[in-house]
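What follows is the residue order along each chain.
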Amino acid sequence: MRFFQRSRWSSAVPGAAPETAHSDLSASDPYDALPYGGGVYPYTDPRRLRAWQSIRCGGLAPCSSLRILDAGCGTGGNLINLAALLPEASFVGIDAAARQIEQARSHAMALGLHNVAWRVADLVGGRADDLGGFDVIICHGVLSWIARESRPRLLDWLASHLHPQGVAYVSFNARPGWFHFAPLRDLLAAVPPAAGAPGERVGEARLLLATAAELTASLPPEHSFRQLIDQARQWPDEYLFHEFMAEHNDAILLREFAAEALVAGLAYRGEADGWDAASLGAEPALRSSLARIADVVERQQWLDFIAPRSFRMAILTHRTAVASAPAAHDRDTQEGRLAMLHLRAHLRPSSSVNLADLTPVDFLSVQSNISFRAAFPLLKAACVELAERWPSSVPFPELAARAGAAIAAAGLAAPPDGVRALASALERAVVQGAVEAFASPVAVAAFDSARLRLWPPARWALAQGLPLLPTRWHENEAVSEEERHALRLCIDARDADAALPDGMALDLWQRGLLVHPTEAGEG
């Protein structure tokens, strides 16, 4: 998501660094002077976004080949990994910073990607109106970093380029959570633009932070300002500058954002990471009270006051959008909303699973470290099926059918409302982050240690010495020096298992860094 990793529920880290904050800039774009190198942003995966569109709106319009726009693509790392993941889709990346677009174009050419095009354009300057429509629009790290009066123009532009049944992702720094970081921005405002180019201004900011560290050294380690200064001294120059020294950085109240989007004809549908009342890990009474608030904007706004987050990843659709669900399903039920989705989960049960035993079993998601309880046999059987099929996904109708067959084989009768109860439980698990939902299949070749290759975007990132490597799961993966050395050895090896220490090949395959040759584009 950003240069650092964080818990999906953390409010102790500032909003996503604006990889491509588009102020109304000309040739002197500070992103040309100090490019913001980008990793991948997991929640921008179009398969995930369209799955949330189905869950929040009910069903999906059929789409044989997606057209995807990254409005503010920066150096292109996020879009390039998506283009490698989805070769049948077409991608367009636009950015106001010419140097960043040139870097993105060079990166894509190095990987041999032919399904992505690049364009230098100012999103709020009205010079990118001939791009056509898109099924998915990603606008990451832009909205908070433009002038407030430019926000309506940007939202109008996004609405005009979003297909009628399309979905948009728009991220921004959120109030009140981001106010935790406001003292740092106020502190660094002491370094004026006249101090020089971005790199020189960051140098002055580093001196200021060193002084702040000396002044706060006697404070308790848990003091909030001392912690903030200690954090800031670890951040790279480009993040420090573009997040805390940029001309614009406006934390936005959710209800203000939703109102502005509505004027543009766009409706707020929820968060790309599933954050909602059910996401709160404690206080069941509070969860229940919040869940009774039907209006999604009002409910999410209360969440921001009760459990403030500093950064939001909003899902938008056209206000008038009506999703197309299969006729056999009621699109207002969980069963209908999951009918077209593919579920995936790397689950481990807390104890052996006996379907004939009615005792609930807890399942832990290995990827998210989130657990949930399977309280009835059909759900237990579905969890076992998901675990066995991981890392591939399972279509919900097939999952329900196979779980039903499993409990029948155990001598249990299927309850009359079993599939609906299963859909409801799995949807809660998706919202909580224990199960992943996709709008199209995730098909993964079986592990074969004799036939593994380094995921091509990860190979490029490794060669560039980047701190995080992109994965086939569209995530950023931190690797140890030992793993980096081993991965370099296996780049040209025909047998990755022989080039890697015992057990490392399987671990790196599970983490999405090693793939089958056909998945690496070798035919």
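Remember, predicted model here, so these are calculated numbers, not experimental data. (Residues numbered from 1 in each chain as written. Predicted model: local features only at pLDDT ≥ 70, side-chain atom pairs only at ≥ 80, totals over all residues. Heavy atoms only, no water.)

**A few points about the environment of Gly39**
Keep this limit in mind: Labels follow the DSSP assignment, with helices taken as runs of H or I lasting at least four residues and strands as runs of E lasting at least two, numbered in each case from the N terminus. Residues are treated as being in contact if the distance between any of their heavy atoms lies within 4.5 Å.
Mapped onto the fold, Gly39 is located in the loop between helix H1 (30–33) and helix H2 (46–58). Placed 40 residues apart in sequence, Gly39 and Leu79 show a C-alpha to C-alpha distance of 9.5 Å. Not counting chain neighbours up to four residues away, the residues in contact with Gly39 comprise Gly77, Asn78 and Asn476.

**What about the nonpolar core?**
Here is the rule: Only buried residues count toward a nonpolar core, which is a set of Ala, Val, Leu, Ile, Met, Phe, Trp, Tyr and Cys residues joined through side-chain atoms within 4.5 Å. Burial status follows relative accessibility: with a 1.4 Å probe on protein chains alone, a residue under 20% of its type maximum counts as buried, one over 50% as exposed, and anything between as partly exposed.
Core analysis: the largest hydrophobic core is formed by 91 residues, its most contacted members being Phe91, Trp118, Leu343, Leu426 and Leu514. Per element, the largest residue contribution to this core is seven residues, and it comes from helix H16 (residues 418–432). Within the second largest apolar cluster, 35 residues are counted, among which are Val142, Ile146, Leu155 and Ala314.

**With respect to the sheet that holds strand E12 (residues 371–374)**
Quick reminder of the rule: Strands are labelled as partners when DSSP assigns at least two bridges between them. Between the N-to-C directions of two axes lies an angle of 0 to 180 degrees, each axis being a line fitted to C-alpha atoms and, for a helix, fitted only over the stretch in contact.
In space, the three strands of this open sheet follow the order E10-E11-E12, with antiparallel pairing throughout. The open sheet has two free edges, formed respectively by strand E10 (347–349) and E12, since each of these has just one partner strand. Averaged over all pairs of adjacent strands, the angle between strand axes in this sheet comes to 30 degrees, irrespective of strand direction. By the bridge criterion, three bridges tie E10 to strand E11 (residues 361–365) in an arrangement that is antiparallel. Opposite Arg348, over in E11, you have Leu364 as the bridge partner. Running at roughly 135 degrees to E12, helix H14 (residues 377–389) makes contact with E10, E11 and E12 of the sheet.

**Here's the deal with the packing of helix H15 (residues 396–409) against H16**
The line we're drawing: Under this scheme an angle from 65 to 115 degrees is roughly perpendicular, one under 35 degrees roughly parallel, and one over 145 degrees roughly antiparallel; angles in between are oblique. Put simply, a crossing is left-handed when the front helix is turned counterclockwise from the back one by less than a right angle, and right-handed when it is turned clockwise.
Contact pair H15 / H16: the axes reach a minimum separation of 11 Å and the direction vectors enclose 120 degrees. Relative to H16, the element H15 lies oblique. Helix-helix and strand crossings are classified by hand; for H15 and H16 the assignment is right-handed. Residues Phe396, Leu399 and Ala400 of H15 lie in contact with H16, whose contacting residues are Val419, Leu422, Ala423 and Leu426.

**Points about the packing of helix H7 (residues 198–216) against helix H9 (residues 237–244)**
Here is the rule: Just so you know the grouping, Ala, Val, Leu, Ile, Met, Phe, Trp, Tyr, Cys and Pro go in nonpolar, Asp, Glu, Lys and Arg go in charged, and all remaining residues, Gly too, go in polar.
One way to put it is that H7 packs onto H9 with a least axis distance of 10 Å and a crossing angle of 90 degrees. The orientation of H7 relative to H9 falls into the category roughly perpendicular. In contact with Pro198, Arg201, Val202, Ala205, Arg206 and Leu209 of H7, H9 contributes Asp237, Leu240 and Phe241. A class-by-class count of the residues in the contact of H7 with H9 yields six nonpolar, no polar and three charged.

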